[in-house]
Protein chains: 2
Amino acid sequence: MRGHQVTIKDIAKILHISPSTVSRALKDHPDINPQTKKNVQELAKKLHYKPNQIALNLLQKESKLIGVIVPEIIHYFFSTIISGIEKIANESGYHIIIAQSNESYHKEVENIQALLSSNIDGFIITMAKTTLNFDHFKNVEEIGVPMVFVDRACDKVTADKVLVDDFDGAYKATKHLIDNGCKNIIHLAGPQNLDIGIQRKEGFLAALNDSNISIGDYSIQICDTHDHALKLIPEILSRHNNIDGIFAVNDLTAIGAMKAVKSINKKVPDDIAISGFTNSFISYIADPELTTVDQKGFEMGQHAARMLLKRMQSDENYGPVTTILNTDLIIRKSSLKKK
Amino acid sequence: MRGHQVTIKDIAKILHISPSTVSRALKDHPDINPQTKKNVQELAKKLHYKPNQIALNLLQKESKLIGVIVPEIIHYFFSTIISGIEKIANESGYHIIIAQSNESYHKEVENIQALLSSNIDGFIITMAKTTLNFDHFKNVEEIGVPMVFVDRACDKVTADKVLVDDFDGAYKATKHLIDNGCKNIIHLAGPQNLDIGIQRKEGFLAALNDSNISIGDYSIQICDTHDHALKLIPEILSRHNNIDGIFAVNDLTAIGAMKAVKSINKKVPDDIAISGFTNSFISYIADPELTTVDQKGFEMGQHAARMLLKRMQSDENYGPVTTILNTDLIIRKSSLKKK
DNA sequence: CAGCTTATTTCAAACGTTTGCGAAAAGAGT
DNA sequence: ACTCTTTTCGCAAACGTTTGAAATAAGCTG
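Computed from a predicted structure; not experimentally measured.

A. Region of the structure containing the protein's contact with DNA strand C. Near DNA strand C you find 27 residues, and of these A:Ile8, A:Ser23, A:Arg24, A:Lys27 and B:Thr21 are the closest. Counted by atom, the contact set of DNA strand C within 4 Å of the protein is 60% sugar and phosphate. Here a phosphate oxygen of DNA strand C and a side-chain polar atom of B:Thr21 are 2.7 Å apart. Between DNA strand C and the protein, one listed contact pairs a phosphate oxygen with a backbone N or O atom of B:Asn33 at 3.0 Å. Among the elements of the structure, α1 (8–15), α2 (19–26) and α4 (53–60) of chain A together with α2 (19–26) and α4 (53–60) of chain B are those that each provide at least two residues to the surface near DNA strand C.

B. Representation of the sheet that holds strand β6 (residues 185–189) of chain B in the model. Residues and elements named next belong to chain B. As summarised here, the arrangement of the four strands in space is β7-β6-β8-β9, forming an open sheet in which the pairing is parallel. Strands with a single pairing partner mark the edges of an open sheet, and in this sheet they are β7 (220–222) and β9 (273–275). If you compare each strand with its neighbour and ignore which way they point, the axes differ by 20 degrees on average. As paired strands, β6 and β7 are joined by three bridges and run parallel to one another. Residue His-187 lies in a different strand from β7, and its bridge partner there is Ile-220. Contacting β6, β8 (245–248) and β9, helix α8 (residues 166–179) crosses the sheet at an angle of about 170 degrees to β8. Along the sheet face, helix α9 (residues 195–210) touches β6, β7 and β8 and points at about 170 degrees away from the line of β6.

C. Region of interest: the sheet that holds strand β9 (residues 273–275) of chain A. Residue and element names in this part refer to chain A. In spatial order, the strands read β7-β6-β8-β9; together these four strands make up an open sheet with parallel pairing. The strands lining the two open edges of the sheet, one partner per strand, are β7 (220–222) and β9. Here the average twist between neighbouring strands, direction ignored, is 20 degrees. Bridge analysis of strand β6 (residues 185–189) against strand β8 (residues 245–248) gives four bridges, and the strand direction is parallel. By the bridge assignment, Ile-185 is partnered in β8 with Gly-245. Contacting β6, β7 and β8, helix α9 (residues 195–210) crosses the sheet at an angle of about 170 degrees to β6.

D. Geometry of the interface of chain B and chain A. If you look at the interface, chain B gives 64 residues, while chain A gives 64 residues. For the pair chain B and chain A, the number of links is four salt bridges. The closest approach of N and O atoms between A:Glu289 and B:Lys259, which form a salt bridge, is 3.8 Å. Elements with a contribution of two residues or more to the side of chain B that touches chain A: α4, α5 (76–91), β2 (95–100), α6 (105–117), α10 (226–239), α11 (251–263) and α12 (281–285) of chain B. Per element, the largest residue contribution to the side of chain B that touches chain A is seven residues, and it comes from α5(B).

E. Highlighting the protein's contact with DNA strand D. Every one of the 28 residues lining DNA strand D counts as a neighbour, but A:Thr21, A:Arg24, B:Ile8, B:Arg24 and B:Tyr49 are closest to it. Of all atoms in DNA strand D that approach within 4 Å of the protein, 60% are sugar or phosphate atoms. Between DNA strand D and A:Lys61, the relevant distance is 2.9 Å, taken from a phosphate oxygen to a side-chain nitrogen or oxygen of the residue. Contributing elements (two or more residues each) for the surface near DNA strand D: α2, α3 (34–46) and α4 of chain A together with α1 (8–15), α2 and α4 of chain B. By residue class, the composition of the surface near DNA strand D is 11 nonpolar, 10 polar and seven charged.

F. Representation of unusual backbone geometry in the model. Here the residue pair A:Val268 and A:Pro269 is connected by a cis peptide bond, since its omega of 5 degrees sits within 30 degrees of zero. On the secondary structure map, A:Pro269 appears in the loop between α11 (251–263) and β9. Positive phi, close to 135 degrees, is recorded for B:Thr278, a residue that is not glycine. With respect to the helices and strands, B:Thr278 occurs in the loop between β9 and α12.

G. Structural view of the pattern of salt bridges. All names here are of chain B. Evaluated as defined, the whole model comprises 31 salt bridges over all chains. Across the pair Asp-179 and Lys-175 runs a salt bridge, and its minimum N-O distance is 3.4 Å. Here Asp-179 pairs with Lys-175, and both are found in helix α8, just four residues apart, close to one helical turn. Residue classification places Asp-179 among the exposed residues on the basis of a relative accessible area of 54%. Here Lys-175 falls in the partly exposed class, since its relative accessible area comes to 29%.

H. Structural context of the packing of α1(A) against α3(A). Residues and elements named next belong to chain A. Following both chains from N to C, one finds α1 and α3 inclined at 125 degrees, their axes separated by 10 Å at the closest point. As summarised for this structure, α1 and α3 are arranged oblique, according to the angle between their axes. The way α1 lies across α3 gives a crossing that is right-handed. In this structure, α1 contributes Ile-11, Ile-14 and Leu-15 to the contact, and α3 contributes Asn-39, Val-40, Leu-43 and Ala-44. Partitioned by chemical class, the residues of the contact of α1 with α3 number six nonpolar, one polar and no charged.

I. Highlighting the packing of aromatic side chains. Applying the stated criterion to the full structure yields 14 aromatic pairs over all chains. A centroid spacing of 6.5 Å and a plane angle of 15 degrees characterise the contact between B:Phe134 and B:Phe137, whose relative ring orientation is stacked. Residue classification places B:Phe137 among the buried positions, given a relative accessible area of 0%. Three or more aromatic residues joined by ring pairs form one cluster here, namely A:Phe134, A:Phe137 and A:Phe149. Across the ring face of A:Tyr318, the terminal group of A:Lys310 is positioned such that the distance to the ring centre comes to 5.4 Å.

J. Inspection of α9(B) at higher detail. Residues and elements named next belong to chain B. The end-to-end C-alpha separation of α9 is 22 Å, in line with the 22 Å expected for 16 residues at 1.5 Å each. Where α9 is concerned, the buried positions are Ile-196, Gly-197, Arg-200, Lys-201, Gly-203, Phe-204, Leu-205, Ala-206, Ala-207 and Leu-208. The inward-facing, buried residues of α9 abut α8, β6, β7 and β8. Phi turns positive one or two residues past the end of α9, at Asn-212, with a value near 55 degrees.

K. Summary view of the pairing of β8(A). All names here are of chain A. Burial of the side chains of β8 extends over both faces: Gly-245 and Phe-247 are buried on one face and Ile-246 and Ala-248 on the other. Pairing of β8 with β9, which is carried by three bridges, proceeds in the parallel orientation. Its bridge partner being in β9, Phe-247 is matched across the sheet by Ser-275. With α11 bridging β8 and its parallel neighbour β9, the resulting β-α-β unit is right-handed.

Reading the values: the criteria
- Residues numbered from 1 in each chain as written.
- Chains lettered and ligands numbered in written order.
- Predicted model: local features only at pLDDT ≥ 70, side-chain atom pairs only at ≥ 80, totals over all residues.
- Heavy atoms only, no water.
- Near = heavy atom within 4 Å.
- Polar contact = N/O pair within 3.5 Å; in protein donor to acceptor, adjacent residues only side chain to side chain.
- Helix = DSSP H or I, 4+ residues; strand = E, 2+ residues; numbered from the N terminus.
- Pairing = 2+ DSSP bridges.
- Axes fitted to C-alpha atoms, helices over the stretch in contact; angles between N-to-C directions.
- Contact = heavy atoms within 4.5 Å.
- Salt bridge = Lys/Arg side-chain N within 4 Å of Asp/Glu carboxyl O.
- Nonpolar A, V, L, I, M, F, W, Y, C, P; charged D, E, K, R; others polar.
- Buried < 20%, exposed > 50% of the residue type's maximum accessible area, 1.4 Å probe, protein only.
- Parallel < 35°, antiparallel > 145°, perpendicular 65-115°, else oblique.
- Left-handed = near helix turned anticlockwise from the far one by under 90°.
- Phe/Tyr/Trp six-rings, centres within 6.5 Å; stacked < 30°, edge-to-face > 60°.
- Lys NZ or Arg CZ within 6 Å of the ring centre and 35° of its normal.
- Expected span 1.5 Å × (residues − 1).
- Right-handed = clockwise from strand over helix to strand, strands pointing away.

In structure tokens:
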């Protein structure tokens, strides 16, 4: 039961003038008689006239909407990215439509299609873990809708990207564990089809290498969820009881590992030091508090939004830009061994 | 530099037929020659034709967009609500635009205005804590845009609401603490201008009453943030060292309290048992794991979306509906005293 | 072959707004 | 009185799509 929204035509009919005159009067066009303007503006105010954004969108072929596709908003990191995007977008009169892929390739494709037909002006995307085919992104590229990747980017597509220096972050975290006395660190790694999985692993390996620490065949475990770590860690530790450090690809996995370690009555950090990656809220909640790499989600979101706005507002077709933000190592108790 | 999106007109021009024929051919209208249909549909597929949603919106006077205004998406509870909304909305071809109020009244008003002019079809709102004036909601009501409140509702406005039984949840949590041996429980309460603050406090008081436990002047403390609890709890405990239970209005505050308790070398739960409210992700991360009241954000979101859809699709103006979901007490270690 | 039916297609209006151009009216200058 | 300018306004097209109604062509009946 929507009350009929007041339109320009309504105002025109009431004042016995044409819609075009009303339109111009409302925007203070010099061609319009001051008296007419006054009449129109007063009536518009009285009737609570609001321009119909949809009609404007149709005319201007833009929707002032940015489509944001992330795996899951319940993850702190992604919600901080979204907040960063929202802030910058709002400042320029844009709004954001959020869709979640739930890490599913199919849902990602579906979302892209759906948002495309909603005439999104641009995309900001964090790829799903399971995405191995990139035709949907290529499609976006072909259609010419600007697109910025955040955190997890797609190589096969020409698009702007905002990344963090995963290699360096992982290197710093691993080096920190080594400096704190760890001699046998394992890495709980992310999927190796994603750049972040690869880079963090490489940073880990490089740090070990630079410290002349040998790498066992068990040193790298593909494991990037809380529950998997809960199961995996006791198993690994039973086979390799000299492990004294864990660097996990994300905080949640690190905390799963932390719980697992505590569950078999080993101490964190004294028996096993742990570092995560992301600096999500839970790293602060964990006990002991989790050492981690701050991934600066809010800033990433802001950067991504700025890049997208620039791209949308530009007429020339400049080449793709990649921004790499640096990370900060946040040292907390989970990595500080006593001696 | 947008590539021109393929339109019905383009297809019509190429096949030398009229746009209306194309339109009907695409939707398998019986009036159209099968051969024509085939030509059209094949070409449409080949050119990746996608109907322009904006044009449809204009025609149908709807945007297929639902405006969602929440305080902060980084909070687990709100992001689960959003996920619930998104699921139901998507199933009906709607998308959601998310705006955050950051608990600020002014930002809330701003968001409402902005989304209104984006021709949102409906609102789902969780009020900001600081909202005391309701004119912006009344405005929405007057314009006739359907609106559903979630969790934190506004009494002064006629609108659908989805609430949880805060009173009962608080009662159950408090009763559980009592049953586990607590004799002197304090409540860290939310703002008393919000119904949830009042109801949870009342549930707490009722449980104490029913167990004939006396209530001290310090039994209720307005305190609903992690950091406030961190400061407040040591102070209170130093003045009332027989306190043996804490019921906090939300999980984050409970965990702040838990940390504070541990910091002064008291044991959770043996010295002081703790229960939170919400069952957010961190309650599972906490050590000891936090007993809490499951607030079912996802279901709340789903309910809210269904109610909104029903309201939007209905022609008759039925009275406002309030749905109250029941809560589940999730018992974990933080409340289970040894003896 | 006139009249009727059926199949297929096009026309035109509509949604709400903007905008280039032309039109009408009034005033100014010569 | 004639032209020229200025002021003020309306017409019509455009954005992409849908849809009732009208148009066309072809086939059929008697």
